[in-house]
Structure formats: C-alpha cells, structure tokens
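# Remarks on the overall topology
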Amino acid sequence: LSKNTNLNVFLNKNNDDVKVPKINGVKLSLSTLLLILENKKKFKNFNFYFGFEKILLNCNFKKPSIKNYNLIFNLVKDLPRNETIYIVTPVCPDYSYEKKDQMYNFTFENLNEDIGLVSKRLLIDIKEIHNFFNLLKIKFKHIITVGDFEAYSKSNQRRMKLTEAEYLHKINKSQKKISKTFKYKDCIADKEFSKIFGNKNIWLKRVKKFKEILRRKNLGNTDLSNKSLYQILSSRIPLYKKWYGELSNKQYLDILIDQASEYAAMGSLVKSKFKNTIILGADHHRMADFYNLEKDNTKPNLPVLYLKKNYIT
C-alpha cells in the first residue's frame, strides 16, 4: 500500500451502491464486496483493516505486534454502541533540547514551559488518527497529559535545580499550553497525569509495588525476557548518559527499573480509571511493554500503539 492510496469505502444508506478504490491498481474482489453488502455489520471490520493500515503508514507508526493489533481490533469490534474509547497519551515535561538535522536531541539543561517534544510529535498526526476513529463512527476521547510525577523524583529535582513545587508549577504551565494547542473537539488536555489518575501518594505506592516486582526479575504480564530487558537497556543508555552522566551498567539498570516501574504504574492506573482504553505513545517505543506489567485477570491488557519518536536520545 502506498501513502497515496485512498482506502475509504462508502456504502450508500439508501441502496447498495458501492464506491470502491483501487488498491495498488487492483480492485477488491467481487466476493469481498458481496460479503460486505450481504452483512453490513462487517463494514466496520472492513474499514478497520484498511483504515488502520493507512494510519500506520501515513502517520509513521512503529509496526504493532500481532498481539497489539488484535487487542485494538477486538476493542473496536466489541465496543458497545454507547460506550467511549479513551485514547491516553502521556507526554514528557518540556525538557530542553536542540535540533539536529530533522530530529531533536534532549540536552536536559533545564525545564521549559512549552508543550514539549513528545506533544510536538503527536501534533503532526493527531488529525489523521482522529479521522480513523471518526470513519468507524466510534465515540472516543483523547487524553493528552503531562507526566507530573517526574517532579516527585529527588534526582530529577537535583538535575533541574528545582524544588518539587517549582517543578510542578512549570509542568502546569506546559499542560496549559498543551490545552491551548490541542483544541480538537475530542481532546481532553487540561490536566496533568496525577490530577486524572491518582494523587502523589497513590502514585508512589504503585511505583514502589512494581519496582519490587522488577527487582525480583519478575517481568509480570509482559512478553519480555531477561534478554530483551537488556536489549531495552542498551537502547536507553544514550539518554541516561545525557541525564546522569557516566555510570556502571548496574546503575543504568537501576534507572531502567525505576522508569519501567513508572510505565507499569501508568498502565495500572489507566486501566483502573477507564474500561475501554488505548495507550498512544510518542516517546521511546522500547518502554511500551511495561504498560502491561501488572497481572490482573479482571482487566484486559492495554492495547499500546507508538508513533515513531522525533528525537534521537
């Protein structure tokens, strides 16, 4: 499929006229069209497959695993008519960065008050992503929220030379800028993460729980192995060096565990808050698996989709 392929298919409500595009120069088979016309309930499924492939290409997503593909499809397919899907995009605070060719590089010299790099990446493709859900006639809300919990970290405070209150104040200003920037009718962009999903005490308890699990080398409900954990560590070390300087591999692993615990806590709190949820990330995709660290048979795994990031480290 090319980026220019028109994958929209329309059924006329008053009759069974069909307008079908060519895909790679080939029209869809007659049997496929007859199947859709015979049972219009399958129209949503049809649009899902082609519309989803279109946004994966056009919006430059990381290719989702088969597991995540199926989780998203089943969520869409089984969604009751009057229920809403919540798309949650946690974004980083506005740490300083510099432009390098067409990409960016975090410098972490200070904390600014604009929308931040991750929000900038989402802004490029948000309209097309929302169009996909509108095509499927699905009710959705897209929550874009800054990870204010980063202000609770003493090491972060030292690095930024800020008190917790100063840190939170700057993040609040960023969140207000995000709210003004993402003025789309289905966006909720006015609150930081802890104001939606749990206060500081709830957050710290949840992070502590997952940190203890990971320190026992228990990878929970993820599909990760110890080998893949160290592959993730290798991909994160360049960023950790920017932030923390030269450390031992054991120290870098401790930092990864701290961060992985935060992703696990986010996933756990999001699942507790909303029933039908998709995580749409735009930071480093290698952390995606940790959203589903928690083992909880009462709640399904979160589908996790990642846009390719706009920064190097």
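Residues numbered from 1 in each chain as written. Predicted model: local features only at pLDDT ≥ 70, side-chain atom pairs only at ≥ 80, totals over all residues. Heavy atoms only, no water.

### Quick word on the packing of aromatic side chains
We count it as follows: Aromatic pairing here means that ring centres of Phe, Tyr or Trp (its six-membered ring) are within 6.5 Å. Orientation follows from the plane angle: under 30 degrees is stacked, over 60 is edge-to-face, and everything else is tilted. Note on conventions: DSSP H or I runs of at least 4 residues are helices, E runs of at least 2 residues are strands, and numbering of each starts at the N terminus. For each residue, the accessible area found with a 1.4 Å probe, counting protein chains only, is set against the maximum for its type, and the residue is called buried under 20%, exposed over 50%, and partly exposed in between. Lysine and arginine charges are scored as sitting over a ring when NZ or CZ, respectively, is within 6 Å of the ring centre and within 35 degrees of the ring normal.
Overall, the coordinates contain 25 aromatic pairs when judged by the stated rule. Judged by centre distance (4.6 Å) and plane angle (35 degrees), the rings of Phe 193 and Phe 197 are tilted. With Phe 193 and Phe 197 both in helix H7 (residues 193-197), this residue pair falls four residues apart, about one helical turn. For Phe 193, a relative accessible area of 1% corresponds to the buried category. Note on Phe 197: relative accessible area 7%, which makes it buried. Judged by centre distance (6.4 Å) and plane angle (25 degrees), the rings of Tyr 240 and Tyr 252 are stacked. In this pair, Tyr 240 is assigned in helix H9 (residues 226-244) and Tyr 252 in helix H10 (residues 249-273), connecting sequence segments 12 residues apart. With respect to burial, Tyr 240 and Tyr 252 carry one shared label: buried. Here the aromatic cluster, defined as three or more aromatic residues joined through ring pairs, consists of Tyr 95, Phe 106, Phe 108, Tyr 240, Trp 243, Tyr 244, Tyr 252 and Tyr 311. Against the face of Tyr 311 rests Lys 309, its NZ or CZ located 4.9 Å from the ring centre.

### Overview of the pairing of strand E8 (residues 277-281)
Formally: At least two bridges found by DSSP between two strands are what make those strands a pair.
For E8, the tally of buried residues reaches five of five residues, placing the bulk of the element in the interior. Neither face of E8 is exposed, since Thr 277, Ile 279 and Gly 281 on one face and Ile 278 and Leu 280 on the opposite face are all buried. The sheet contact formed by strand E3 (residues 85-91) and E8 spans three bridges and is parallel. Among the inter-strand pairings, Tyr 86 is bridged to a residue of E8, identified as Thr 277. Of the strand pairs in this sheet, E8 and strand E9 (residues 304-306) are connected by three bridges, and their pairing is parallel.

### Notes on the confidence of the model for the protein chain
Close inspection of predicted coordinates is inappropriate for parts of the model with low pLDDT. We count it as follows: Confidence per residue, as judged by the predictor, is encoded in pLDDT with a range of 0 to 100. Any two residues having at least one pair of non-hydrogen atoms within 4.5 Å are treated as being in contact.
Looking at the protein chain, the pLDDT average stands at 88 and 85% of residues meet or exceed 70. Within the model, pLDDT remains below 50 along residues 21-27, and this stretch shows 13 contacts once partners closer than five positions in the same chain are excluded.

### Some words on the packing of helix H8 (residues 200-215) against H10
The condition that has to hold: To define axes, lines are fitted to C-alpha atoms, for helices over the stretch in contact only, and angles between the resulting N-to-C directions are given on a 0 to 180 degree scale. Orientation categories follow fixed angle ranges, with anything under 35 degrees roughly parallel, anything over 145 roughly antiparallel, 65 to 115 roughly perpendicular, and all other angles oblique. Note on convention: the crossing is left-handed when the near helix lies turned anticlockwise from the far helix by less than a right angle, right-handed when the turn is clockwise. Under the grouping applied here, Gly and all other residues not named as nonpolar or charged are polar, the nonpolar ones being Ala, Val, Leu, Ile, Met, Phe, Trp, Tyr, Cys and Pro and the charged ones Asp, Glu, Lys and Arg.
Interhelical geometry of H8 versus H10 gives an angle of 125 degrees and a closest axis separation of 8 Å. Accordingly, the angle class assigned to the pair H8 and H10 is oblique. Taken as a pair, H8 and H10 cross one another with a handedness that is right-handed. Taken together, the residues of H10 that come into contact with H8 (itself represented by Ile 202, Trp 203, Arg 206, Val 207, Phe 210, Lys 211, Leu 214 and Arg 215) are Ile 257, Asp 258, Ala 260, Ser 261, Glu 262, Ala 264, Ala 265, Met 266, Ser 268, Leu 269 and Ser 272. Its residues assigned to classes, the contact of H8 with H10 shows 11 nonpolar, three polar and five charged.

### A closer look at the sheet that holds E9
Strand order in this open sheet of five strands is E7-E6-E3-E8-E9, and the pairing throughout is parallel. One side of each edge strand has no neighbouring strand; the edge strands of this open sheet are strand E7 (187-188) and E9. Its contacts with the sheet place helix H4 (residues 117-135) against E3, strand E6 (140-146), E7 and E8, and it is angled at close to 170 degrees to E6.

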